[in-house]
Amino acid sequence: MMKGCQNECVAGGCSGETAKHVTESFKASDLVITPATTFKEKPDPNGLVFGAVFTDNMLIIEWSLASGWEKPCIKPLENLSLHPASSSLHYAVELFEGMKAYRGVDGKIRLFRPTLNMDRMVRSARRATLPLFDQNELLECIRKLVEVEKEWVPYSTAASLYIRPTLIGTEPSLGVKKPTKALLYVILSPVGPYFGSKSFSPISLWADPKYVRAWKGGTGDCKLGGNYSCSIYAQQEALELGCQQVLWLYGEDHQITEVGTMNLFLYWINEDGENELATPPLDGIILPGVTRQSILDLARNWGECKVSERYITMSDLTAALEENRVKEMFGAGTACIVCPISKILYKGKHLHIPTMENGPQLTTRFLNKLSDIQYGREDNDWAVVVS
């Protein structure tokens with residue numbers, strides 16, 4: 001199926017010769033599996049650090065403009081060999097995804113809404129001028145990899161197997177251009193709670209408009225590595241100021257956008273006196289998170305409050321705090337599911353967010369509901385059984 005042109009075509013359209021590469025995708029049925037024969041010791045799920053330990057095998061698929069996609073391979077985890085001029089190293093022509101496999105209370109291994117990750121990965125690839133592929137074929141390859149590594153999925157409902165699909169440009173040239181070579185690979189890492197604690201602890205945020213995560217016309221709505229590398233400096237300053245994460249602001253009116261690497265939700269009584277769950281809209285600077293979408297879907301299905309994708313400014317928030325209209329505020333993402341927020345440092349003042357004083361009832365409800373689906377305590381179409 002035509003997914004979008006991978007070639008620099010003339011105004012008249014693609015020629016038949018170049019267009020043939022556009023329609024190609026690797027096939028899961030061509031998957032070559034040569035698994036590792038020596039195995040690392042599995043870590044204790046109670047002592048896992050996020051993204052520090054990796055499984056024995058990886059999935060790897062090469063692409064070139066000349067040949068299209070090669071056959072996908074599952075092989076022992078190994079270092080990559082790249083030309084020192086590779087475009088991913090110089091110009092950040094690369095992207096990634098983040099998803100998890102969960103071992104359920106029934107012993108079955110599940111993925112959570114993985115088609116949303118695949119759709120987003122293709123959108124990111126298009127924006128980064130990297131080769132497109134059939135999302136279903138990659139998902140099947142990932143399923144096979146998880147199946148091979150099923151003993152690495154922690155036997156715990158407080159841990160999971162993090163899946164990191166990655167696509168990088170390997171063009172061996174210093175020219176700033178669309179790459180003619182690329183590499184897609186998937187690595188797996190058993191992980192525990194993202195913030196290093198099993199307890200449902202709130203975090204503090206630093207909000208300062210001098211640093212911006214994303215902007216209109218940029219790549220904030222794609223999962224590109226460059227979006228994350230440029231945030232580290234601000235994150236370090238937040239830590240120096242005694243805060244754990246950055247609350248990213250945008251525009252002259254200090255719109256609230258994201259928190260750290262998470263989407264943000266505010267549960268409050270809005271200006272019209274309505275109970276409202278609000279999150280910033282997908283206007284090009286917000287990453288369309290899978291957990292974000294799931295929370296919106298759940299809340300709309302429950303029908304117990306107004307659910308809005310709307311702009312929220314710091315002046316909106318401070319006014320609501322002064323009038324005791326704020327109930328809960330939390331971040332949401334694959335790594336942590338939800339994370340309550342208790343404090344914001346803004347313009348030299350600490351704003352207290354009464355999330356924990358209010359339960360946090362709604363935040364906890366989302367955590368429990370999503371966890372129940374992911375770990376098989378509740379049957380739901382969002383959970384895809386792997387093994």
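The rules behind the values
- Residues numbered from 1 in each chain as written.
- Predicted model: local features only at pLDDT ≥ 70, side-chain atom pairs only at ≥ 80, totals over all residues.
- Heavy atoms only, no water.
- Buried < 20%, exposed > 50% of the residue type's maximum accessible area, 1.4 Å probe, protein only.
- Helix = DSSP H or I, 4+ residues; strand = E, 2+ residues; numbered from the N terminus.
- Pairing = 2+ DSSP bridges.
- Polar contact = N/O pair within 3.5 Å; in protein donor to acceptor, adjacent residues only side chain to side chain.
- Contact = heavy atoms within 4.5 Å.
- Phe/Tyr/Trp six-rings, centres within 6.5 Å; stacked < 30°, edge-to-face > 60°.
- Salt bridge = Lys/Arg side-chain N within 4 Å of Asp/Glu carboxyl O.

1. Looking at the pairing of strand E13 (residues 262-269)
On a regular strand, each side chain points to the face opposite its neighbour's, so the side chains alternate between the two faces of the sheet.
Okay, step 1: Burial runs high along E13: 7 of the 8 residues are buried.
Okay, step 2: Sheet topology places strand E12 (residues 255-259) next to E13; 2 bridges connect them, and they run antiparallel. Counted as the bridge partner of Glu 258 is Asn 263 from E13.
Okay, step 3: The hairpin formed by E12 and E13 contains 2 residues between the paired strands, and Gly 260 there has a positive phi angle of roughly 60°.
Okay, step 4: Judged from the 6 bridges that link them, E13 and strand E16 (residues 326-333) form a sheet pairing that is antiparallel. Bridge pairing links Tyr 267 to Glu 328 in E16.
Okay, step 5: Once E13 ends, the chain turns through 5 residues before running back antiparallel as strand E14 (residues 275-279), passing Gly 273 with a positive phi of about 80°.

2. Description of the side chain of Ser 124
Okay, step 1: Structurally, Ser 124 is set in helix H3 (residues 114-127).
Okay, step 2: Looking at Ser 124, its side chain comes within polar contact range of the main-chain nitrogen of Lys 223, at 3.0 Å.
Okay, step 3: Excluding residues within four positions of it along the chain, Ser 124 makes contact with Leu 95, Cys 222, Lys 223 and Leu 224.

3. With respect to the packing of aromatic side chains
Aromatic ring pairs are defined here through the distance separating the ring centres and the angle between the ring planes.
Okay, step 1: For the structure shown, the criterion picks out 12 aromatic pairs.
Okay, step 2: Summarising the aromatic geometry, the rings of Phe 26 and Phe 133 are spaced 5.9 Å apart at their centres and angled 25° between planes, so their arrangement reads as stacked. Pair noted here: Phe 26 is in the loop between helix H1 (16-23) and strand E1 (32-33) and Phe 133 is in the loop between H3 and helix H4 (135-148), with a separation of 107 residues, a long-range link. Of the two residues examined, Phe 26 and Phe 133, each falls in the buried class.
Okay, step 3: Grouping aromatic residues by their ring pairs yields a cluster made of Phe 265, Trp 302, Phe 330 and Phe 366.

4. Regarding the pattern of salt bridges
Okay, step 1: Here the structure, examined in full by the defined rule, presents 19 salt bridges.
Okay, step 2: The partner of Glu 258 in a salt bridge is Arg 213, and the shortest N-O contact between them spans 3.3 Å. Linking Glu 258 in strand E12 with Arg 213 in the loop between strand E10 (203-207) and helix H5 (225-229), this pair joins segments that are 45 residues apart in sequence. In this structure, Glu 258 and Arg 213 share a single accessibility class: buried.
Okay, step 3: One salt bridge in this structure joins Arg 365 and Glu 304, with 2.8 Å as the shortest N-O distance. Here the residue Arg 365 occupies a position in helix H9 (residues 361-374), and Glu 304 occupies one in the loop between helix H7 (290-302) and strand E15 (306-309), the gap between them amounting to 61 residues.
Okay, step 4: What makes Arg 365 partly exposed here is its relative accessible area of 31%.

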